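# Chains, contacts and geometry: an overview
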Amino acid sequence: MALVPFANKRATSSRPPAPFDGLLADFSVLDRLDDLRKRLVRSAVAVVVGVVIGFAFIGQVVDFILEPTRRSLPAGATLIYTQPGEAFGLHIQIALIVGLMIAMPYIMFQVWRLVSPVIPPGGRRFAFPFAVFTTLGFIAGASFTHFIAFPYMMAFFASFNTPELLFYPRVAEVFDLYTKMLLGMGAVFQMPTVVFFLAKAGLVTARFLLRSFRYALLLIFVAAAIITPTGDMVTQTIFAAPMIALYMLSIGVAWVFGKARRASDDPLE
């Protein structure tokens, strides 16, 4: 009877490790939560620094952001605000967006460091490319919104202006629409970067993405309908076109890096 526990102990120690053993490396759950807290605090400090820098140039930034709307307004029309703190709140929100964009490379680096324990050692060298390309993707999406999509949208809304129905948009509502489109397209333009890392990890292939194109096309137009506040097909197509181009680019990314991955034994080398 006394030998039974020793036999069970030997049997337990000889079992193969579970697939998710070591998922948190040598850290406990509390260690990971503490690491998450540190990353969040560092990211918040970086955003605050960016906000301070944004406030130093807030007048120029506000003019830059509102310029597409001003160009689309009919002659004699202007942006207005109807609440006492509305214009001040606009400046605060714009400063936050500027701070977020300034701090984004550092924030993305903190995100990478947070998930690095579950990344194989060969893939940890991609920390710098991850921070750079996610930032460039967001900037590309923001640029598409500011220079192409949003001006067209405001021109479309202003086209309904008549002597009996004047177009005097509130600045808060205009900026809310601008922010929604900016963040949405900034997220969409992360597609090639996400596919790159999924392909390096062997989770997606170019063949899979190509076979799924018709389903992706449907989801792209659904996403375009969610992002755009209008229901016309022309506006949705303007938003869907870059998504389709990004999806095709992602297929090429998966083919190139998936092929390189299959040529090696290490899934991330």
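Only a predicted model underlies this, so the values are computations on that prediction, with no experimental measurement involved.

Direction vectors running N to C along helix α3 (residues 58-72) and helix α4 (residues 86-115) enclose 90 degrees, while the axes themselves pass 10 Å from each other. Put simply, α3 runs roughly perpendicular to α4. In contact with Ile58, Val61, Val62, Ile65 and Leu66 of α3, α4 contributes Leu90, His91, Ile94, Ala95 and Val98. Of the residues assigned to the contact of α3 with α4, the class counts are nine nonpolar, one polar and no charged.

Attention shifts here to the confidence of the model for the chain. On average, the chain scores 81 in pLDDT, and the residues at 70 or more come to 81%. Put simply, helix α1 (residues 4-13) is where the chain has its lowest mean pLDDT, 47, and helix α8 (residues 206-211) is where it has its highest, 92. Segment residues 6-25 is flagged for pLDDT under 50; beyond a separation of four residues in sequence, or across chains, it makes six contacts in the model. Within the model, pLDDT remains below 50 along residues 260-269, and this stretch shows 20 contacts once partners closer than five positions in the same chain are excluded.

Moving on, we get to the pattern of salt bridges. Between side chains of opposite charge, pairing is possible as soon as their charged atoms come close. What the rule picks out here adds up to six salt bridges. The partner of Arg39 in a salt bridge is Asp35, and the shortest N-O contact between them spans 3.2 Å. Highlighted residues: Arg39 and Asp35, both in helix α2 (residues 29-56), separated by four residues, approximately one helical turn. Given the relative accessible area of 13%, Asp35 is considered buried. Where Arg70 meets Asp63, a salt bridge forms, and the shortest distance between an N and an O atom there is 3.4 Å. Of the residues examined, Arg70 reaches a relative accessible area of 39% and is grouped as partly exposed.

Conventions used here
Residues numbered from 1 in each chain as written. Predicted model: local features only at pLDDT ≥ 70, side-chain atom pairs only at ≥ 80, totals over all residues. Heavy atoms only, no water. Axes fitted to C-alpha atoms, helices over the stretch in contact; angles between N-to-C directions. Helix = DSSP H or I, 4+ residues; strand = E, 2+ residues; numbered from the N terminus. Parallel < 35°, antiparallel > 145°, perpendicular 65-115°, else oblique. Contact = heavy atoms within 4.5 Å. Nonpolar A, V, L, I, M, F, W, Y, C, P; charged D, E, K, R; others polar. pLDDT = per-residue confidence, 0-100. Salt bridge = Lys/Arg side-chain N within 4 Å of Asp/Glu carboxyl O. Buried < 20%, exposed > 50% of the residue type's maximum accessible area, 1.4 Å probe, protein only.

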